[in-house]
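Listed below, chain by chain, are the residues.
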Amino acid sequence: MTILKPSTRRLLVLLTSWLLCWLTLPAEACRVCRPRVQAVIHAPDYGYNLLLILLPVALLVLLGVGLFFADSLTRRFTSPPLHD
């Protein structure tokens, strides 16, 4: 048995978990609950509810991008101009 490097093991775990996520069955409602679930999903305020659910995701993405590019953004805004 060979011992894998930590980076190879991490990649193998990531690929295995990704594959398992795609192999699972989707959630389904029973015959009694399905019409009520569909009625709530297709309600007039669906767009508002969707935006409300996705708002934390958007904020986390913006925070991540801001932290990733923080160094270059601070250099850009604090460096002296190149022309007179």
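Residues numbered from 1 in each chain as written. Predicted model: local features only at pLDDT ≥ 70, side-chain atom pairs only at ≥ 80, totals over all residues. Heavy atoms only, no water.

### Re the confidence of the model for the protein chain
Turning to step 1, where the next piece is worked out: For the protein chain, the mean per-residue pLDDT works out to 83, and 94% of the residues sit at or above 70.
Turning to step 2, where the next piece is worked out: Looking over the protein chain, one finds the lowest element-wise mean pLDDT in helix H4 (residues 70-78), namely 81, and the highest in helix H3 (residues 46-68), namely 91. (pLDDT = per-residue confidence, 0-100. Helix = DSSP H or I, 4+ residues; strand = E, 2+ residues; numbered from the N terminus.)

### Some words on the packing of aromatic side chains
Turning to step 1, where the next piece is worked out: Scanning the model with the defined rule gives two aromatic pairs in all.
Turning to step 2, where the next piece is worked out: Between tryptophan 18 and tryptophan 22, the ring centres sit 6.3 Å apart and the planes meet at 65 degrees, which makes this aromatic pair edge-to-face. One end of the pair is tryptophan 18 and the other is tryptophan 22, both in helix H1 (residues 6-23) and four residues apart, which spans about a single turn. Neither residue differs from the other here; tryptophan 18 and tryptophan 22 are each classed as exposed.
Turning to step 3, where the next piece is worked out: Ring plane angle 90 degrees and centroid distance 4.9 Å describe the contact between phenylalanine 68 and phenylalanine 69, whose orientation is recorded as edge-to-face. (Phe/Tyr/Trp six-rings, centres within 6.5 Å; stacked < 30°, edge-to-face > 60°. Buried < 20%, exposed > 50% of the residue type's maximum accessible area, 1.4 Å probe, protein only.)

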